[in-house]
Amino acid sequence: MHTNTQPVILLIAPVMDVLQTSLDASYRVFRLYEQTDTTEFLNRHGGEVQAVVTRGDTGVSRDILEQLPQAGMIAVFGVGTDAIDLSYTRERGIHVGITAGVLTDDVADLAMGLLLAASRRLCQGDHFVRTGQWEKTAPPLATKVSTKRLGILGMGNIGQAIARRAKGFDMTILYHSRQRNDALDDQWCEDLHSLASQSDFLVIAASGSAENSGIINAAVFEAMPEHAWLINVARGSLIDEPALLRALQEKVIAGAALDVFEHEPHVPEAFFALDNVLLQPHVASATVETRQAMSQSVSDNLAAYFSGRAIPGLIQ
Ligand code: 8YV
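Everything quoted here is computed from the prediction, not taken from an experiment. (Residues numbered from 1 in each chain as written. Predicted model: local features only at pLDDT ≥ 70, side-chain atom pairs only at ≥ 80, totals over all residues. Heavy atoms only, no water.)

## Quick word on the side chain of Ser-285
Point 1. Along the chain, Ser-285 turns up in the loop between β12 (277-279) and α11 (288-306).
Point 2. Since its relative accessible area comes to 10%, Ser-285 is described here as buried.
Point 3. Here Ser-285 is in contact with Leu-103, Asp-106, Thr-290, Arg-291 and Met-294, once residues within four sequence places are set aside. (Helix = DSSP H or I, 4+ residues; strand = E, 2+ residues; numbered from the N terminus. Buried < 20%, exposed > 50% of the residue type's maximum accessible area, 1.4 Å probe, protein only. Contact = heavy atoms within 4.5 Å.)

As structure tokens, then:
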């Protein structure tokens with residue numbers, strides 16, 4: 001039951017049921033995505049909103065925030081903050097809390113899963129068996145993974161978790177990030193092109209910040225060896241998608257495995273015709289265990305904010 005004393009939160013996009021239930025129990029929840037006229041709704045109720053809950057991939061626009069003068073916190077279901085204008089939230093003193101730490105393993109697991117599935121042609125192999133082709137012929141050979149060179153763009157928590165897993169496959173790790181991490185004994189490459197040119201597999205684990213927009217472009221595909229594979233578990237915005245399509249069609253690189261897209265959930269249809277790309281619907285953190293932990297983390301961040309305690313996942 002809602003009481004007048006419950007803090008008011010604005011939910012920008014649907015989140016999983018367990019989080020919805022927990023939010024409803026503690027807060028008065030306005031659901032923006034259920035409103036037919038969001039402008040009218042924000043005119044009427046924007047002034048009451050004290051905190052915003054959103055997903056990493058959805059964020060919240062500056063336009064919306066400008067209509068929430070009392071909002072003091074954004075709780076993100078995820079770790080990506082690329083869809084939030086952080087300079088504006090900083091200026092306004094709005095806290096931003098993410099689900100820090102809880103999805104690192106899953107994203108790294110999926111990066112390795114994509115790498116193996118794409119290069120070992122697991123989806124094609126499954127199709128081959130199911131359609132009875134195995135009775136008639138042998139499948140084409142795939143690409144070896146163990147002992148190869150893995151380039152990682154972005155060596156934060158997720159990049160490092162991918163590196164740890166890849167070492168179990170006896171892979172040599174190279175990385176590029178803004179700064180060399182002296183705590184790591186992996187080879188740091190000063191720029192993306194030198195990383196790309198030396199990698200048999202290039203995994204993108206960097207943030208989707210404005211400065212990273214489109215950095216995986218035609219020049220990077222040209223720099224990559226012809227036998228190399230690209231894996232993206234970060235954000236679609238890092239890749240120049242038309243350039244990737246051309247690189248795949250013209251076999252400039254061997255192939256790609258993509259969990260994220262520039263305009264997801266829309267995926268350019270031209271990808272569907274290609275045998276050298278593996279496509280996933282942004283599921284890197286989508287396991288029961290991790291989504292529950294993310295829900296708990298959002299609840300903890302909000303509870304801390306409303307009780308004046310330190311926000312565990314605070315980034316600003
Ligand atoms: C989430 C994400 O899947 O953490 C992020 O930034 O993109 C993903 O983990 C997404 O926010 C949930 O829809």
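Now that the structure has been shown, we can carry on.
## Looking at the pairing of strand β10 (residues 229-232)
Point 1. Because side chains alternate across β10, one face comprises the buried residues Trp-229 and Ile-231, and the other comprises Leu-230 and Asn-232, equally buried.
Point 2. With 4 bridges joining them, strand β9 (residues 201-204) and β10 adopt parallel strand pairing. In the strand pairing of β10, Ile-204 is matched with Asn-232.
Point 3. For the crossover that starts at β9, traverses helix α9 (residues 218-223) and ends in the parallel β10, the hand is right-handed.
Point 4. Handedness of the β-α-β unit built from β10, helix α10 (residues 241-249) and strand β11 (residues 255-258) comes out right-handed. (Pairing = 2+ DSSP bridges. Right-handed = clockwise from strand over helix to strand, strands pointing away.)

## With respect to the UniProt feature "domain: D-isomer specific 2-hydroxyacid dehydrogenase catalytic" (unreviewed entry) in the protein chain
Point 1. UniProt tags residues 14-313 as "domain: D-isomer specific 2-hydroxyacid dehydrogenase catalytic" (unreviewed entry).
Point 2. Measuring from the first to the last C-alpha atom of residues 14-313 gives 21 Å, for a span that is 36% helix and 15% strand. (UniProt positions renumbered as here; feature names shortened; annotations may be inferred.)

## Considering the domain arrangement of the protein chain
When the parts of a complex come together, some accessible area is lost, and that lost area is often used as the size of the interface.
Point 1. When its domains are assigned, the protein chain resolves into domain 1 (8-98 + 289-315) and domain 2 (103-279).
Point 2. If you average the C-alpha positions of domain 1 and of domain 2, the two centres end up 32 Å apart.
Point 3. With 8 residues of domain 1 at the contact, the number on the domain 2 side is 6 residues.
Point 4. Both sides of the domain 1 and domain 2 interface together cover about 540 Å² of buried area, and 57% of this is carbon and sulfur.
Point 5. Broken down residue by residue, the surface that domain 1 buries against domain 2 is led by Val-79, Asp-82 and Thr-290, which jointly contribute 70%.
Point 6. Residues Asp-82 and Arg-235 are paired through a salt bridge, measuring 3.0 Å at the closest nitrogen-oxygen approach.
Point 7. Between domain 1 and domain 2 we count 3 residue pairs in polar contact (both at pLDDT 80 or more) in total. (Domains from an automatic or database assignment. Buried area = accessible area lost by both parts, 1.4 Å probe. Salt bridge = Lys/Arg side-chain N within 4 Å of Asp/Glu carboxyl O. Polar contact = N/O pair within 3.5 Å; in protein donor to acceptor, adjacent residues only side chain to side chain.)

## Description of the UniProt feature "domain: D-isomer specific 2-hydroxyacid dehydrogenase NAD-binding" (unreviewed entry) in the protein chain
Point 1. Under the feature "domain: D-isomer specific 2-hydroxyacid dehydrogenase NAD-binding" (unreviewed entry), the UniProt entry names residues 112-284.
Point 2. Between the end C-alpha atoms of residues 112-284 there is a gap of 11 Å, over a span that is 29% helix and 16% strand.

## A word on the pairing of β9
Point 1. Of the two faces of β9, the one lined by Phe-201 and Val-203 and the one lined by Leu-202 and Ile-204 are each fully buried.
Point 2. Of the strand pairs in this sheet, strand β6 (residues 149-153) and β9 are connected by 4 bridges, and their pairing is parallel. Opposite Ile-152, over in β9, you have Val-203 as the bridge partner.

## As for the site of the ligand
Point 1. Close to the ligand lie Arg-55, Gly-56, Asp-57, Phe-77, Gly-78, Val-79, Gly-80, Leu-103, Arg-235, His-282, Ser-285 and Arg-291, which account for all nearby residues.
Point 2. In this structure, Gly-80 approaches the ligand through a main-chain N or O atom, which is 2.7 Å from an oxygen atom.
Point 3. Between the ligand and the protein, one listed contact pairs an oxygen atom with a side-chain N or O atom of Arg-291 at 2.8 Å.
Point 4. In isolation the ligand offers 330 Å² of accessible surface; the protein chains occlude 92% of this area. (Near = heavy atom within 4 Å. Areas by Shrake-Rupley, 256 points an atom, 1.4 Å probe, with all protein chains shown as cover.)

## Here we look at the packing of aromatic side chains
The description of an aromatic ring pair rests on the distance of the ring centres and on the angle between the ring planes.
Point 1. Summed over the entire model, instances satisfying the criterion amount to 4 aromatic pairs.
Point 2. For the ring pair Tyr-27 and Phe-306, a centre distance of 5.4 Å and an interplane angle of 45 degrees mean the geometry is tilted. Separated by 279 residues along the polypeptide, Tyr-27 in the loop between α1 (17-26) and β2 (28-31) and Phe-306 in helix α11 bring together distant segments of the chain.
Point 3. When its relative accessible area of 8% is taken as the criterion, Tyr-27 is described as buried.
Point 4. The class for Phe-306 is partly exposed, based on a relative accessible area of 27%.
Point 5. Plain terms: the ring middles of Phe-261 and Phe-271 are 6.3 Å apart, the flat faces sit at 65 degrees to each other, and that makes the pair edge-to-face. Pair noted here: Phe-261 is in the loop between β11 and β12 and Phe-271 is in the loop between β11 and β12, with a separation of 10 residues, a long-range link.
Point 6. Assessed through its relative accessible area of 0%, Phe-271 is described here as buried.
Point 7. An aromatic cluster is built from Tyr-27, Tyr-305 and Phe-306, whose rings are joined through pairwise contacts. (Phe/Tyr/Trp six-rings, centres within 6.5 Å; stacked < 30°, edge-to-face > 60°.)

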